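This is what each chain is made of:
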Amino acid sequence: MQNRDFVIENATVVLPSGILKGASIKIEDRIISKIREGSINSNTKRINAQERFLLPGFIDLHSDAIEKEIEPRPNSFFPVNIALFELDKKLASCGVTTIFHALSFAEGEIGVRSNEKAAEIIKEINRLKGRMNVKTLVHARFEITDEGAIPYLEALLKDGNINLLSLMDHTPGQGQFKEVALFKNYFGTVYKKSDAELTKIIDRKLSVKESVKSHVDYAVALCKSMNVPMTSHDDDSDEKICWLKKMGIRISEFPVNMDAVRSASNNGIYVCLGAPNALRGNSQAKNLSARDAIVSGYGDILCSDYSPMTILHAVFTLHKHDILPLHEAVNMASINPAMAVGISDNTGSIEEGKEADLTMVDIGEEIPRIVKTFVAGREVFSIC
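Counting of residues starts from 1 at the beginning of each chain's written sequence and follows it residue by residue. Only residues with pLDDT of at least 70 get local features here, since the model is predicted, and only at 80 or more are side-chain atom pairs given and counted; chain-wide, interface and lining totals rely on the full set of residues. For the side-chain quantities, the full set of heavy atoms in the structure was used; hydrogens and water were omitted.

Enquirer: Mind showing me how you'd approach the overall build of the protein chain here?
Expert: Helix and strand assignments follow DSSP, with helices taken as H or I runs no shorter than four residues and strands as E runs no shorter than two, numbered in order from the N terminus. Of the regular secondary structure elements, the protein chain holds 14 helices and 16 strands. Looking at the protein chain as a whole, 58% of its 384 residues are labelled buried. Residues count as neighbours in contact if any of their non-hydrogen atoms are within 4.5 Å of one another. Within the protein chain, contacts between residues separated by at least 24 positions form 64% of all contacts whose residues are at least 6 apart in sequence. Computed with the Shrake-Rupley method and a 1.4 Å probe, the accessible areas treat only the protein chains shown as cover for residues. Summing over all exposed atoms, the protein chain offers an accessible surface of approximately 16200 Å²; the carbon and sulfur share of this is 48%. Partly exposed describes any residue whose relative accessible area lies between the buried limit of under 20% and the exposed limit of over 50%, with all areas from a 1.4 Å probe on protein chains only and scaled to the type maximum.

Enquirer: Whenever I open this one, the pattern of salt bridges confuses me. Can you help?
Expert: A side chain of one charge can pair with a side chain of the opposite charge if their charged atoms are brought near each other. Salt bridges, as used here, are contacts in which a Lys or Arg side-chain nitrogen is within 4 Å of a carboxyl oxygen on Asp or Glu. Summed over all chains, the structure comprises 21 salt bridges. Lys135 is the salt-bridge partner of Glu355, the closest N and O atoms lying 2.4 Å from each other. Of this pair, Glu355 sits in the loop between helix H14 (335-340) and strand E14 (358-362) while Lys135 sits in strand E8 (residues 135-143); the two residues are 220 residues apart in sequence, bridging distant segments of the chain. Of the charged contacts, one joins Glu351 and Lys354 as a salt bridge, the two residues approaching to 3.1 Å between their closest N and O atoms. By sharing partners, the salt bridges in this structure join Arg30, Lys135, Glu355 and Asp357 into a single network.

Enquirer: Any chance you could explain the packing of aromatic side chains here in plain terms?
Expert: Ring pairs (aromatic) are described by centroid distance and by the angle formed between their planes. Between 30 and 60 degrees the pair is tilted, below 30 it is stacked and above 60 it is edge-to-face, where a pair is any two Phe, Tyr or Trp rings, Trp via its six-membered ring, whose centres lie within 6.5 Å. Considering all chains together, one arrives at 2 aromatic pairs under this definition. Note on Phe53 and Phe316: the rings are 6.0 Å apart at their centroids and 70° apart in plane angle, and the pair reads as edge-to-face. Note that Phe53 is positioned in strand E5 (residues 53-56) and Phe316 in helix H12 (residues 310-320), a separation of 263 residues in sequence. On the accessibility criterion, Phe316 (10% relative accessible area) is buried.

Enquirer: Would you take a moment to explain the pairing of E14 for this structure?
Expert: Side chains on a regular strand alternate between the two faces of the sheet. With 5 of 5 residues buried, E14 lies mostly within the body of the structure. Going residue by residue along E14, you find Leu358, Met360 and Asp362 tucked away on one face and Thr359 and Val361 tucked away on the opposite face as well. Pairs of strands are assigned from DSSP output, requiring at least two bridges between the strands. Examined bridge by bridge, E5 and E14 share 4 bridges and lie antiparallel to one another. Residue pairing in the sheet places Leu55 in a bridge with Thr359 of E14. In the sheet, E14 pairs with strand E15 (residues 369-375) via 5 bridges, with the strands oriented antiparallel. For Thr359, the partnering residue across the bridge sits in E15 and is Thr373. Counted along the chain from E14 to the antiparallel partner E15, the turn is 6 residues long.

Enquirer: What exactly am I supposed to notice about the environment of Asp169 here?
Expert: Here Asp169 shows up in the loop between strand E9 (164-168) and helix H5 (180-190). Owing to a relative accessible area of 22%, Asp169 belongs among the partly exposed residues under this scheme. Placed 24 residues apart in sequence, Asp169 and Thr145 show a C-alpha to C-alpha distance of 6.9 Å.

Enquirer: What should I look at first to understand the pairing of E5 in this one?
Expert: Relative to E5, strand E1 (residues 6-15) runs parallel, the two sharing 2 bridges. In the strand pairing of E5, Thr12 is matched with Phe53.

Enquirer: Would you take a moment to explain helix H7 (residues 212-225) for this structure?
Expert: Helical geometry: 3.6 residues make up each α-helical turn, so side chains three or four residues apart lie on a common side. Expected span of a helix, by definition, is 1.5 Å for each gap between consecutive residues, and there is one gap fewer than residues. Counted at 1.5 Å a residue, the expected span for H7 with its 14 residues is 20 Å, and the 20 Å between its end C-alpha atoms agrees. Among the residues of H7, those classed as buried are Val212, His215, Val216, Ala219, Val220, Leu222 and Cys223. Within H7, the buried residues cover an arc of 160° as seen down the axis, which keeps them to one side. In H7, the exposed residues that point more than 90 degrees away from the buried face are Lys213 and Ser225. Looking one or two residues past H7, Asn227 carries a phi angle of roughly 55°, positive in sign. The directions considered for the arc run from the helix axis to the C-beta atoms.

Structure below.
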């Protein structure tokens, strides 16, 4: 058993309210017990941070990366357990200490997004989560035009296998895909669907439009009864945001325009933006720029979406371009997502009494680099 008592000294510590230089923190039995400017007297193991930044570990509420690990190319599948263990190593190296693996229930759209396959993956995640290096949770994505997903989601929720549920609607004409051509171009290019296959998917979505409300109402009621937090995906209007507030949904993921972002902020709903968008400076789907939203004073959370390595670089890019002070950019990937899903009492910031979920960052070279990651005081990644 690794000794969980140690001191990290000579660190540039990123706190929720600012930066503490030349600081030390003491970890005892998984918990941050002391934070001090200067040294801490202790006979335990000492780690010299050499003035590197010490950040809270990143909390990633939405990562589709597991889908790509399992099915890197269309119809080429790897065993779920191998994909999970290998991705777990990558996440630790990216500074992610809490991951919400996002699995989609969207029958007939993409290989791993069938209801049976998504449920199988979620069960395997829950079976193996205790053996992962990072804290491992499940984000179930419910395509609301898929009535067949309801029995699977109900069973998984009742068994405690889902920690976050999002409502998605990829029907062309709203949300991310304002036009049919945009939908076909995206799914045809990324997922190698033929025009005939795409037309069949669209027709099926449109045919169940009248029954969607009952699906949504049932899923929302189920989550509320089990205290499972919810998000909404690709919101595009003030009307949609007001509906979220009425339904008790606290997070808006990837809103597609400034009107939706502004409305969410005004209604006390967390806005989750993509770290790839913030890093690149634009949306790959030609929707809202995360940077533009943040410059305008909107946006609470960064998530990796499809690329775990982007959280670190998005945080430092926002700081480099004077869009946010570093601690506020870090908050978007740590304490803010923790608060949004109700785990901030235990993690999400470097504060006394919280679990030691930490990542050490060296900015001395061309790009920031993770050099160590700790989960509950256990070192799970190191290059020094």
